[in-house]
Every structure is written in structure tokens, then in C-alpha cells.
Amino acid sequence: MIDARNLTKSFGTVAAVHDVSLSVGPAQIYALLGPNGAGKSTTINMLTTLLTPDSGTLHINGHDSVRNPDAVRRIIGVTFQDLVLDRDLTGRECLEYAGRLYNLDAPLRRQRMSDVLELVELGSAADRLTGTYSGGMKRRLELARCLMMEPMVLFLDEPTQGLDPQHRAQIWQYIKDLRSQNGMTVLLTTHAMDEAEELADTVGIIDNGAMVQEGTPEALIRTLGSAYIRINATFPDAYIPGFGGAEWVTMIDTQPGVLTIGVLHGARQMTTIIEHLTRDGIDIVDISMTRPSLGDVFLQVTGRALRDEGAVR
Ligand SMILES: Nc1ncnc2c1ncn2[C@@H]1O[C@H](COP(=O)(O)OP(=O)(O)OP(=O)(O)O)[C@@H](O)[C@H]1O
Ligand SMILES: [Mg+2]
């Protein structure tokens, strides 16, 4: 449904997206992850025909997005990172207006409007001006507006940004239902690891405009081995334990007071690690073992934790 090859886009001297390829099959959910400024919105804007790539090819359900953007626009839906609702219209009027733009006839428009308003639980607020909506209500209305056209392919740029946990979970449920009931293909961007783990069949991690890792969440997590062992202690400056280069070590991260070691076989290597550290005269305060998460993969490939604004792990 989505086939993007070697997409590149620069703004002046900023290479926002460089040689990014991705493909998404029917009824698949693909999550594009990346830190602020990585190129996620620029990628989505190309995928939805709003920006023309400098180079590369792009097809949506076989239609060439550059040569035939109208055909693509007819089958996609998109919600943007920045909310674009008209404050002077009521929720219902926003949907009515969108339905008319898309040439839905009156009975179909009424039916779909009532369906989507119910879906996003905005029925009781439908006749209020959107200027009076909370951030979460606006986001849900935008999603409703986009779902009203029953697109084949749905692009969501940060669909749950600013939503409370309850509404995030609800949006996740809609997305999953749309895929299973309507066979909709979804590409979304997110900062939230739990969102990607919950929804995505495939995750692409993008950093500095380039795709740095791609795969199923499980496969990506597996690359980090079976476990993470975290040790709290006072370490000498620039301490690297002697087993640092061993084949069973998948990664080592040293932070003041915390040493994190990715290992292939958790419990077995815990004792080896303790022996080594004790021999080096390190006084272990605390030791714990966890399964690596997608957040750890992200940290490994981008060198950054997603703890900047809006980040949820
Ligand atoms: N219209 C533009 N003009 C100039 N630079 C731009 C433009 N749009 C994006 N950029 C730059 O391209 C890079 C990628 O931006 P983009 O918005 O795609 O990132 P993002 O991954 O969506 O970030 P965020 O997580 O903050 O939404 C950034 O360096 C940004 O400043
Ligand atoms: Mg963005």
C-alpha cells in the first residue's frame, strides 16, 4: 500500500530526510519513531503529497504520488501534528464541511458524522465551537474528520500527542479496530515507545533524516539480547569492566553511579558480572535485571533517550 524508495528532501542546507525507504503492506501498522527534528513530519508530508521529494519514488496503492497526487489524495486520510481546526465552527460543522468537500451526499454525510462522533465520544460537544474544546477533544475531532472519509491508508502524525492516558488507550483501540474491521493501512509517527510497541507491526527508527533501524518490535528488542543488568555502585572514572568485549555482552552503558550491561543469557551471566566487579573492588549497592524495551533499542541506535518534550516511554 505504501512504497517509498530513497526519499530525500532538503530545506536550504538542512537535509531533513535523506535516502529513506519504507514499505507497508495492506492492513499493516507502521510506526515511525525518532527524536525531535529527525524528519518524521517531513516524511509524512511527502507520503501525503504535501511536499514533493527532491529525489526518490513514492507509490500509494500503486499510484505515483508525484505524477498523480490527486489519485493518492482520494484514498488517504491524514491528521497533522499541528491541529488545523477552524475555531469558529462547531465540531459538527467541521465534519459537515469536510464531508461536503469530499462530495459525500447528505444521507451518507449524516450517517458517517454520527458514527464518527460516537466513535470519538464527542456527540455531546458536537454543537460547541471547536475554539472551546480542550486539546484532547480537538485531536479526537481531527481524527473523526479524517475517519469520516473511510480512507484506505491513514497517516497520523503524532496522533496521541497531548492526550491523557485514557484517551490514548482509546485512540489505540480505534486504530486497531480500523485495521481489523476495515483492513486499513496505517502509518503513524510517535515519540512514545509504548505506543509503537502496542500498535506497530513494523517500527522504523529515523534519526538525522536517515533510517537507522527497522523491524518488528520483537526483532528489534531481540538484537539487545535477553536481558539488561543494571548495577548501582560507585565506579572509578571511565570504568570499563574487563568482560567488556566478551561475545555474550550486547552493550555496555556507563553513567555516573549506574552501569548497564546487555547480556545474551540473563541469569547465567549475572554471577560472572558480580564476580568481576567484586574482584575490581567495586562495592555494589543494587543490582537488577530487566528485559530490554523498545526504548532501550532507541537509546542504542540514536544515542538518545526519548525524554525531551512530549516524550513518554
Ligand atoms: N519548511 C521547512 N523549512 C526549513 N526547515 C524545515 C522545514 N520543515 C522541516 N525543517 C527541518 O527539517 C528537519 C526535520 O523536521 P521534521 O519536522 O520532519 O522533524 P520531526 O521528526 O517531525 O520532529 P518532531 O518530533 O519535533 O515533530 C528539522 O531540522 C527541521 O527544522
Ligand atoms: Mg514532527
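Owing to the predicted nature of the structure, the values given are computational and were not obtained by experimental measurement.

Asks: Which parts of the structure should I look at to understand the overall build of the protein?
Replies: On a plain count of helices and strands, the protein comes out with 10 helices and 14 strands. Looking at the protein as a whole, 38% of its 313 residues qualify as buried. Taking contacts inside the protein between residues at least 6 apart in sequence as the whole, the part at least 24 apart equals 70%.

Asks: Please clarify how the nonpolar core should be interpreted in this entry.
Replies: Side chains of nonpolar character tend, in soluble globular proteins, to be buried together. Membership of the largest hydrophobic core comes to 64 residues, with the highest contact counts inside it found for Ala-31, Ala-144, Phe-155, Leu-187 and Ala-196. The greatest single-element share of this core, amounting to six residues, is contributed by helix 5 (residues 135–147). Aside from chain neighbours lying at most four places away, what touches Phe-155 is Ile-44, Leu-47, Thr-48, Ile-76, Val-78 and Leu-187.

Asks: Would you explain the environment of Ser-180 in this entry?
Replies: Mapped onto the fold, Ser-180 is located in helix 6 (residues 165–182). It is 9.5 Å that separates the C-alpha atoms of Ser-180 and Gln-28, two residues lying 152 residues apart in sequence.

Asks: I tried to follow the domain arrangement of the protein on my own but got confused; where do I start?
Replies: Interfaces are frequently sized by the accessible area removed from exposure as the parts join. Split by domain assignment, the protein resolves into domain 1 (2–220) and domain 2 (225–291). Using only C-alpha atoms to locate each centre, domain 1 and domain 2 end up separated by 41 Å.

Asks: Would you mind showing me how to read the site of ligand 1 here?
Replies: Surrounding ligand 1, one finds Phe-11, Val-14, Ala-16, Gly-34, Asn-36, Gly-37, Ala-38, Gly-39, Lys-40, Ser-41, Thr-42 and Gln-81. Those elements that provide at least two residues to the shell around ligand 1 are strand 2 (14–24) and helix 1 (40–47). Tallying contributions element by element places helix 1 first for the shell around ligand 1, with three residues. Looking at side-chain class alone, the shell around ligand 1 contains four nonpolar, seven polar and one charged residues.

Asks: Just checking my understanding: could you explain the sheet that holds strand 3 (residues 29–33) for this structure?
Replies: Two orientations exist for strands paired in a sheet by backbone hydrogen bonds: parallel and antiparallel. With mixed pairing, the six strands of this open sheet are ordered in space as 6-7-8-3-9-10. Both outer strands of the open sheet, strand 6 (76–79) and strand 10 (210–215), are each paired with one neighbouring strand and no more. Between one strand axis and the next, the sheet turns through 15° on average, direction left out of account. Where strand 3 meets strand 8 (residues 185–190), five bridges bridge the pair, whose relative direction is parallel. Residue pairing in the sheet places Ile-29 in a bridge with Val-186 of strand 8.

Asks: Quick question: what am I supposed to make of the pairing of strand 8 here?
Replies: Look at any regular strand and the pattern is simple: side chains alternate between the two faces of the sheet. Burial within strand 8 is extensive, with six of its six residues counted as buried. Direction of pairing for strand 7 (residues 153–157) relative to strand 8: parallel, over a ladder of five bridges. Paired with Leu-156 across the strands is Leu-188, a residue of strand 8. Handedness of the β-α-β unit built from strand 7, helix 6 and strand 8 comes out right-handed.

Asks: Explain the sheet that holds strand 4 (residues 55–60) here, please?
Replies: Strand order across the open sheet formed by four strands is 2-1-4-5, with antiparallel pairing between neighbours. Pairing within the sheet leaves two strands with one partner each, and these edge strands are strand 2 and strand 5 (63–64). For strand 1 (residues 2–11) and strand 2, the ladder comprises seven bridges, and the chain directions are antiparallel. Opposite Phe-11, over in strand 2, you have Val-14 as the bridge partner. Set on the sheet, helix 1 makes contact with strand 1, strand 2 and strand 4; between it and strand 1 the angle comes to about 120°.

Asks: I keep staring at the pairing of strand 13 (residues 258–263) and nothing clicks. Help me out?
Replies: Pairing of strand 11 (residues 227–233) with strand 13 involves six bridges; the strand directions are antiparallel. Within strand 13, the position partnered with Tyr-228 by the bridge is Gly-262. Where strand 12 (residues 249–255) meets strand 13, six bridges bridge the pair, whose relative direction is antiparallel. Bridging across to strand 13, Ile-252 finds its partner in Ile-261. With antiparallel pairing between neighbouring strands as the criterion, strand 12 and strand 13 make up a hairpin whose turn holds two residues, including Gly-257 at a positive phi of roughly 80°.

Asks: It is not clear to me how helix 10 (residues 294–302) should be interpreted in this structure. Could you clarify?
Replies: Where helix 10 is concerned, the buried positions are Leu-294, Gly-295, Asp-296, Val-297, Phe-298 and Leu-299. Those residues of helix 10 that are buried are in contact with strand 3, helix 7 (193–199), strand 9 (202–207), strand 10, helix 8 (217–222) and strand 11. Of the residues one or two after helix 10, Gly-303 is the one with positive phi, at around 70°.

Asks: Would you explain the packing of helix 3 (residues 91–101) against helix 4 (residues 106–119) in this entry?
Replies: Relative placement of two packed helices is described by the angle separating their axes and the distance separating the axes. In the contact formed by helix 3 and helix 4, the axes pass within 10 Å of each other and the chain directions differ by 135°. Relative to helix 4, the element helix 3 lies oblique. When you trace helix 3 past helix 4, the crossing you get is right-handed. Across the interface between the two elements, Arg-92, Leu-95, Glu-96 and Gly-99 from helix 3 touch Arg-109, Arg-112, Met-113 and Val-116 from helix 4. Grouping the constituent residues of the contact of helix 3 with helix 4 by class yields three nonpolar, one polar and four charged.

Definitions and cut-offs
- Residues numbered from 1 in each chain as written.
- Chains lettered and ligands numbered in written order.
- Predicted model: local features only at pLDDT ≥ 70, side-chain atom pairs only at ≥ 80, totals over all residues.
- Helix = DSSP H or I, 4+ residues; strand = E, 2+ residues; numbered from the N terminus.
- Buried ≥ 20, exposed ≤ 12 C-beta atoms within 10 Å, placed from the backbone.
- Contact = placed C-beta atoms within 7 Å.
- Core = buried A, V, L, I, M, F, W, Y, C linked by C-beta atoms within 7 Å.
- Domains from an automatic or database assignment.
- Near = placed C-beta within 6 Å.
- Nonpolar A, V, L, I, M, F, W, Y, C, P; charged D, E, K, R; others polar.
- Pairing = 2+ DSSP bridges.
- Axes fitted to C-alpha atoms, helices over the stretch in contact; angles between N-to-C directions.
- Right-handed = clockwise from strand over helix to strand, strands pointing away.
- Parallel < 35°, antiparallel > 145°, perpendicular 65-115°, else oblique.
- Left-handed = near helix turned anticlockwise from the far one by under 90°.

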